[in-house]
Amino acid sequence: MVYAAVLGYGTVGSGVVEILERNREIIKKRVGEEIKVKYVLDLRDFEGQPVQELIVHDFDLILKDDDVKIIAESMGGLNPAYSFVKKALESGKSVTTSNKELVAAYGAELIKTAKANGANFLFEASVGGGIPILRSLNQCLTADEITQISGILNGTTNYMLTKMTDEGLEYDDVLKQAQSMGYAEKDPTNDVEGYDSCRKTAILASIITGKRVDYEDIYTEGITNISKTDIEYAKKLGGKIKLLACAEKTDNGVWARVCPVITNKKNPLSTVDDVFNSVLVEGNMVDKVMFYGRGAGKLPTASAVVSDIIDEAKNLGSDITFGWQEDKLDILSIDDISVSKLIRVEYNDKAKAKDAVMRIFGDVAVTELEEDNGEFAFISPKQTERNVNKKINSLLNEDGISNVLGAIRAEN
Ligand code: HSE
């Protein structure tokens, strides 16, 4: 028997207990012995529910029990998750977590602590929920240098952008729908401002580089400024707006970014809709490999946590932790990265406005949604972010142009 403890009986924690119970026999066959949850730490008692007999309120009880070899942390947030995980690893217990905030902020330190204490720190569920992306990078795509990762790493925003695209709805309306479906939280900031995707991108970038990529260094822009009109332009151009997370190794260094992008049909990520997540990996030998699945939700996320518990149970005493070193990798400034943007121009004199655009950006094709609705858009030729932003600013001083209504990165 291998004993485990679960910290937090919320969505993910209850899913972990459920999977270990429902799939007990098949898991027993795979591990060679049964995995049993001995404790569930939670502030609540869950009176009358089967889990009640496992509930404890004092973490030290778990820490001091030598039977417990594996701890699944599913409390979320940094505190007290960080101190519990750190203490567990220091006492030689292995930990698995779905907590991307914890992994993005303290991953390197916790990996080191695990290794120093003969324990493992595993975090498959922290990126892409049920998608087995981390284990694939670390155990399957090991013959390759991974040169680029791009993905849709947030289900809530993908659901919202899909609704805006399919039903022509405005941002505020789809946010309400996402909240009523239970995807978006009452305070949706982490999802809609891209912070959740940013942390997941930091974890992926750290894994492919082997060094610590700080999430604070990753350029992050959410979907709060995306309007129905932006979506209409994207559609007219044959593309779809997606909140894309990217990390790429170049000859000059590594860059990483989270932002809305008008993806074109050639990009398989443009077909990933609703709450689904996907990760497109590019290796220098294997070429492109794509992963698709549910990035959130009780059982998909708990499935990834339990896969870590199983891995650990099969390898007790062995070092199976993968990750990255503590030394920080300075990533390239987004200003030096080449992009094209769809730029929306509001005019008071259309002819003059078009002349100014051609003079500043060259011979670009202009797209209009309707004749004479006071605006047009064009896609800028690929150039550095710095240059394109300078040119956008100079448009504002041109005769005939009253405003620049938006600029969204676009694949071409
Ligand atoms: N809020 C996240 C999402 C949950 O919408 O994808 C999983 O990290």
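These remarks concern the structure in this document. If you're wondering where the values come from, they're calculated on a predicted model, not measured in any experiment. (Residues numbered from 1 in each chain as written. Predicted model: local features only at pLDDT ≥ 70, side-chain atom pairs only at ≥ 80, totals over all residues. Heavy atoms only, no water.)

1. A short note on helix H14 (residues 385-395)
Our working rule: Under the scheme applied here, a residue whose accessible area is under 20% of the maximum for its type counts as buried, over 50% as exposed, and between as partly exposed, the area being computed with a 1.4 Å probe on protein chains only. Every helix listed is a DSSP run of H or I at least four residues long, and every strand listed is a run of E at least two residues long, numbered separately from the N terminus. The arc refers to the directions leading from the helix axis to the C-beta atoms. Note on definitions: a residue-residue contact is assigned when non-hydrogen atoms from the two residues lie within 4.5 Å.
What H14 keeps buried is the set Glu-385, Val-388, Ile-392 and Leu-395. All buried residues of H14 project into a common sector of 85 degrees when viewed along the axis, lining one side. If you follow the buried residues of H14, they end up packed against strand E13 (338-347), helix H13 (350-361), strand E15 (375-379), strand E16 (383-384) and strand E17 (401-410).

2. A short note on the site of the ligand
For clarity, the cut-off: When we say a residue is near a molecule or strand, we mean one of its heavy atoms is within 4 Å of it. N or O atoms within 3.5 Å of each other form a polar contact, as long as, within protein, one can give a hydrogen and the other can take it, and as long as residues adjacent in sequence are counted only when both atoms are side-chain atoms. In short, Shrake-Rupley with a 1.4 Å probe defines the accessible areas, and a residue's cover is counted only from the protein chains shown. Only Asp, Glu, Lys and Arg are considered charged, only Ala, Val, Leu, Ile, Met, Phe, Trp, Tyr, Cys and Pro nonpolar, and every remaining residue, Gly among them, polar.
Taken together, Lys-100, Asn-154, Gly-155, Thr-156, Asp-191, Asp-196, Lys-200, Gly-295 and Ala-296 make up all the residues around the ligand. Here an oxygen atom of the ligand sits 3.5 Å away from a polar atom, N or O, in the side chain of Asn-154. One of the backbone N or O atoms of Gly-155 is found 2.8 Å from an oxygen atom in the ligand. Protein contacts shield 82% of the accessible area of the ligand, which totals 260 Å² for the unbound molecule. When contributions to the shell around the ligand are tallied by element, the ones reaching two or more residues are helix H7 (155-167) and helix H10 (195-209). Residues that form the shell around the ligand fall into these classes: 1 nonpolar, 4 polar and 4 charged.

3. Some words on the sheet that holds strand E6 (residues 121-122)
Put simply, the test is: In this analysis, strands are considered paired if DSSP registers two or more bridges between them.
The strand order E3-E2-E1-E4-E5-E6 describes an open sheet built from 6 strands, whose pairing is parallel. Sheet topology places strand E3 (55-56) and E6 at the edges, where each strand pairs with a single neighbour. Of the pairings in the sheet, the one linking strand E4 (residues 68-73) to strand E5 (residues 94-97) comprises 4 bridges and is parallel in character. Counted as the bridge partner of Ile-70 is Ser-94 from E5.

4. Description of the side chain of Thr-97
As for its position among the elements, Thr-97 is in strand E5. The exposure class of Thr-97 is buried, given its relative accessible area of 0%. Engagement of the side chain of Thr-97 in a polar contact is seen with the side chain of Glu-73, the distance being 2.5 Å. Of note is the side chain of Thr-97, whose polar atom sits 2.9 Å from the backbone nitrogen of Asn-99. If near-sequence neighbours (up to four positions away) are discounted, Thr-97 is found in contact with Glu-73, Leu-102, Val-103, Phe-121, Leu-122, Phe-123, Glu-124, Ala-125 and Ser-126.

5. What about the nonpolar core?
The criterion, for reference: For the purposes of this section, nonpolar cores are sets of buried Ala, Val, Leu, Ile, Met, Phe, Trp, Tyr and Cys residues that join through side-chain atoms within 4.5 Å.
If you look at the biggest cluster of nonpolar residues, it comprises 80 residues, and the most contacted ones within it are Ile-62, Phe-121, Ile-133 and Leu-137. When sequence neighbours within four positions are dropped, the list of residues in contact with Leu-137 reads Thr-142, Ile-146, Ile-149, Leu-204, Ile-207, Ile-208 and Val-281. Core analysis: the second largest hydrophobic core is formed by 28 residues, Ile-19, Val-37, Phe-46 and Ala-72 among them.

Interpretation note: all reported values are geometric properties and have no functional meaning in isolation.
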